Amino acid sequence: MVGIVVVSHSRALARAAVDLAAQMLHGQHVRIVIAAGLDEETFGTDAVQIHEALLEADQEGDGVVVLMDLGSAVLSAELALELLEDDAARQRVLLCPAPLVEGLVVAAVTALSGATGPEVAAEALAALAGKQSQLDHSGADHYREGDPADAVTGRFQVTPAHGLHARPAARLVQRLQGIDARVELRNLTTHSGWVPAASLSRLATLGALRNHDVEVRANGPQARQALEELQALARRNFDDPPSAGSRDPSQPSGDHTPIDASSRGDLLAQAIGGPFPASPGIGLGPARLATGRAATPAATVETAEDPAEGRRRLDTAVAAVRAQVQDIRRRVADDVSEAEAAIFDTHLALLADPELLEPARSRIAAGQAASSAWANAVSVAAAGYESLADPYLRARSADVRALGNQVSRHLLTASDPSDELGERGGVLVAADLTPAQAATLDVERIAAVVLAFGSPTAHSAILIRARGIPAVVGAGAAVLGIADGTPLAVDGTTGDLVIEPSEAVVAGFQARAVAAQARQQQALALAAAPATTRDGVQVLVGANIGSIEDARDAMAAGADLIGLVRTEFLFLGRAKAPDVQEQESVYRALAETMAGRRVTLRTFDVGGDKPLPYLPQAIEANPFLGSRGIRFALQHPELLADQLLAMVRVAHDVPLSVMFPMVSTLDELLQARRILDDAITLAGRGRPAEFQVGIMIEVPAAALRAATFAPHVDFLSIGTNDLTQYTLAAERGNDAVGPLADPLDPAVLRLVEATCRGAGAHATVAVCGELASDERAAAVLVGLGVRELSVTPHAVPGVKQAVRALLCSEAAALAARTLDAPSADAVHRLLRPPGRPDS
Ligand code: PEP
Ligand code: MG
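Summary of the structure given here. (Residues numbered from 1 in each chain as written. Chains lettered and ligands numbered in written order. Predicted model: local features only at pLDDT ≥ 70, side-chain atom pairs only at ≥ 80, totals over all residues. Heavy atoms only, no water.)

Quick notes on the overall build of the chain
- Along the backbone of the chain there are 34 helices and 24 strands.
- Counting over 839 residues, the chain shows a buried share of 55%.
- Taking as baseline every contact in the chain between residues at least 6 positions apart, the subset at least 24 positions apart corresponds to 72%.
- Split by element, the accessible area of the chain, about 33,500 Å² in all, is 53% carbon and sulfur. (Helix = DSSP H or I, 4+ residues; strand = E, 2+ residues; numbered from the N terminus. Buried < 20%, exposed > 50% of the residue type's maximum accessible area, 1.4 Å probe, protein only. Contact = heavy atoms within 4.5 Å. Areas by Shrake-Rupley, 256 points an atom, 1.4 Å probe, with all protein chains shown as cover.)

Notes on the site of ligand 1
- In the region of ligand 1, 17 residues are neighbours, and R566, R602, E698, N721 and R732 sit closest.
- R602 places a polar side-chain atom, nitrogen or oxygen, 2.8 Å from an oxygen atom of ligand 1.
- Taking T720, its main chain carries an N or O atom lying 3.1 Å from an oxygen atom of ligand 1.
- In isolation ligand 1 exposes 290 Å². Once the protein is present, 100% of that is buried.
- The element contributing the most residues to the shell around ligand 1 is helix α29 (residues 720-728), with 3 residues.
- In terms of residue class, the shell around ligand 1 is built from 4 nonpolar, 5 polar and 8 charged. (Near = heavy atom within 4 Å. Polar contact = N/O pair within 3.5 Å; in protein donor to acceptor, adjacent residues only side chain to side chain. Nonpolar A, V, L, I, M, F, W, Y, C, P; charged D, E, K, R; others polar.)

Points about the coordination of the magnesium ion (ligand 2)
- Donor atoms from the polypeptide that bind the magnesium ion (ligand 2) are E698 (OE) and D722 (OD), placed at 1.9 to 2.0 Å. Of this pair, E698 sits in the loop between β21 (692-697) and α27 (700-704) while D722 sits in helix α29; the two residues are 24 residues apart in sequence, bridging distant segments of the chain.
- Taking the relative accessible area as the measure of exposure, D722 reaches 1% and is therefore buried. (Donors = N, O, S within 2.8 Å, 3.2 Å for Na, K, Ca; no water.)

Some words on the pairing of strand β11 (residues 426-430)
- Burial within β11 is extensive, with 5 of its 5 residues counted as buried.
- Note that strand β10 (residues 282-289) and β11 share 3 bridges and pair parallel. Bridge pairing in β11 places A287 opposite V427.
- Where β11 lies against strand β12 (residues 446-451), 5 bridges are found, and the strand directions are parallel. (Pairing = 2+ DSSP bridges.)

Here we look at the side chain of D496
- Mapping D496 onto the fold places it in strand β15 (residues 496-499).
- Judged by relative accessible area, which is 13%, D496 ranks as buried.
- Side chain to side chain, D496 and R512 meet in a polar contact 3.1 Å long.

A short note on the sheet that holds strand β1 (residues 3-8)
- Strand order in the open sheet formed by 4 strands is β2-β1-β3-β4, and the pairing between neighbours is parallel. Two strands close off the open sheet at either side, each with one partner strand: β2 (32-36) and β4 (93-96). Taken pair by pair, the neighbouring strands of this sheet meet at an average axis angle of 20 degrees, ignoring direction.
- Bridging between β1 and β2 involves 5 bridges; their strand directions are parallel. Across the sheet, residue I4 finds its bridge partner in β2, namely I32. (Axes fitted to C-alpha atoms, helices over the stretch in contact; angles between N-to-C directions.)

Focus on helix α21 (residues 548-556)
- For α21, the complete set of buried residues consists of D550, A551 and A554. Angular distribution of buried residues about the axis of α21 spans 105 degrees; they occupy a single face of the element. Those residues of α21 that are exposed and aimed more than 90 degrees away from the buried face are R552 and A556.
- Against the buried residues of α21 lie α19 (459-466), β17 (538-545), β18 (562-566) and α23 (580-593).
- A positive backbone phi angle near 85 degrees is found at G558, which sits one or two residues after α21. (Arc of directions from axis to C-beta.)

Describing helix α10 (residues 223-235)
- The terminal C-alpha atoms of α10 lie 19 Å apart, and with 13 residues this matches the ideal 18 Å at 1.5 Å per residue to within 8%.
- For α10, every residue scored as buried is listed here: A223, A226, L227, L230, L233 and A234. All buried residues of α10 project into a common sector of 130 degrees when viewed along the axis, lining one side.
- Taken together, the buried residues of α10 touch β5 (152-157), α8 (166-176), β6 (182-187) and β8 (213-219).
- Directly after α10, the chain includes N237, whose backbone phi takes a positive value near 60 degrees. (Expected span 1.5 Å × (residues − 1).)

Some points on the nonpolar core
- Counting 99 residues, the largest nonpolar core has L644, F660, F691, I695, L716 and L789 as its most contacted members.
- Considering each element in turn, this core owes the most residues, 9 residues, to helix α25 (residues 637-651).
- The residues touching L716, leaving out its near neighbours within four places in the chain, are I695, I697, A706, F709, T755, A759, A763, T764, V765 and A766.
- In this structure, V214, A218, V318 and A477 belong to the second largest nonpolar core, which totals 75 residues. (Core = buried A, V, L, I, M, F, W, Y, C linked by side-chain atoms within 4.5 Å.)

Digging into the packing of helix α14 (residues 354-365) against helix α15 (residues 370-386)
- At their nearest, the axes of α14 and α15 sit 8 Å apart, and the two run at 145 degrees to each other. When the axes of α14 and α15 are compared, the crossing they make is right-handed. Together, L356, L357, P359, A360, R363 and I364 of α14 and A370, A373, W374, N376, A377, V378 and A381 of α15 make up the contact between the two elements.
- Partitioning the contact of α14 with α15 into residue classes produces 11 nonpolar, 1 polar and 1 charged. (Left-handed = near helix turned anticlockwise from the far one by under 90°.)

Description of the sheet that holds β10
- Across the sheet, which stays open at both edges, the 7 strands sit in the order β9-β13-β12-β11-β10-β14-β15 with mixed pairing between neighbours. Of all strands in the sheet, those with a lone pairing partner are β9 (276-279) and β15, marking the two edges. Sheet twist, expressed as the mean angle between neighbouring strand axes with direction ignored, is 30 degrees.
- On top of the sheet, helix α20 (residues 503-525) reaches β10, β14 (487-491) and β15; it is set at about 125 degrees to β10, its chief contact.

Just distances and angles here, no functional claims.
Here's what the structure looks like:
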């Protein structure tokens, strides 16, 4: 017989629930094991205790169904599952998201009948239906059904993978807006009661899962049109993209995604493979939502107010929050994609939900103060979600509360202080950041950054890394549903993100931070010394920078040179192009900061995800394949000429290199060199003595033809960020293809090898893409013939240490193996993790 484990924060609660279930068993025995409370009185859950309970409940080997109460009970149960050493035993355990009390009663009776584990879990999941329909029919709520006699009726089947979850439901609500009809729905499969289709929160209570049949009943002048619109929407799969929601929400989203299941929203399914590690280091602290959501405002005692004034204040606050959400939606649509922006349609639908607004307005009309009337309505609506069986829908309660808090803050303070990025210390959680926002993050206050979208090689991630702030990206839109103030633990080295970490998890993260700090300190002690392999080959380790501040960091980190100045970042957010003089003084200041070390200035690399505000670009369908890098510069020769003139003037006084980005053809290089020659002539002092010219190898065509370029340059610098996206046809900022865009893919490494081979003795080869900052990659890159690595400033000491550990002959043998590896994963396995010689 299937066993049952009851996981609860309270031992007393678990015992009482088991006693209640026993009443239904009429003296017969079902194996129910309790894993609840830390002791008789202390609330809490313990993975080890649950693990033991699992073993006890599965004594007969027929499987176990686990029922849990809230929050961390789910996380502890998941951990306990991982502790099971026997794979077969683990397969027999089902973590069931049914409500604890109702679910346990039904599960016990079903288990007694000899049902299988999945059957027991399915019955437990449906346990709320009875209560729901009873309440729907008892008139216990204020919703009045339409007149069935004149109704137009029809039905549709639910097709989205996760049922009528937030986004499909939001689209359903939107579709009916403006149609003069009163529409109600009921779930025929679960025999639910009728709910109004205009209410997002009531739609959730239908518990409509995939393949459920839903009946529509419409009254009013446009009833038929409403019915037809709904059926057409259903036939279109509620406009859900085919891939969305393809992941089982009850499963972890990836190898390293210990997101607390209680906080997992349906949209986490969109984080394909994320979160991705984006900037190393550990960050612990309260979540700081950059989406305008903040913690529950401090409770205030409000006296009753004039109903008309209260109603006006509520409407104003709701309108203000709607404007904020619309603004975020617009930004996400512009910066990320329309599909991701659609997430915010759910929030907009909630803000217009009559089931939320009307109860608040009725309370105000009855004399209650606006803020408490609103808070009450929000609590009722959120509790409605929390009582749902489906974990997907249950997680929407966080959205209701977060939006509710946002409106409350407007009601209480008439402003929302959370809009300033990182204004309040903690872990910044945002949809994505623009390069300008990333460049200005407050290092002192922001412990870590969690981005719902984006990839580690997006420019925002590069800038966060340059600032030394730990970060994970591509974490999925569900992170935007985390309540402001929720404790978070972030490991930007591994990509781990833990919501509401236990004390043990916090201690583990702190231990990792201490170990990393010890390694960094050891590396820092030797940072200023050259990086020479064990067999005496010196590899220059430089830094990539985008500001004077970065240059100072690079000096402090012992950089041998600056291998890449992203000059476009020096003039971010400007309304007007910098003139020659201004550029000259900035380049000079950088060179002075570097005190005689070589500085490699890359000409403006605009386009793609880096727009230039003072020179609007044509809208392109595929900007990364359009006018960017040198292509854009050659289309604006006057800008390039000014920049090169400023660089040449400085080059007369310090060792300086100029580098052209995204070159694909020799002709582009020759055109750029002609403009450079003109600048040298214009500067009037002949060719600067220590001047070097190079190009970036970012396009496969250039890598394959390195031998053609080499005689015309002093160096080739491989930009693995772009080279990876173009080799694998996987856009660097698109988290949906994040796992594909791996710079350690053998195809990318073969292009690095081709570049080194093509360069021969004519030109030195550097790597300035983010791959160079990965200590594990040093062996492969040096083994392939790369002799300069330009990395994010904080990575300089560690990369130098990694080089010092190498023997060139061994590195070459390893590199050869990576070229023949069947996959990027296989390459990862070939590389030793830093600091672990044998693993
Ligand atoms: C690269 O593409 O690897 C590179 C270093 O340039 P950026 O990241 O600025 O495009
Ligand atoms: Mg690039």
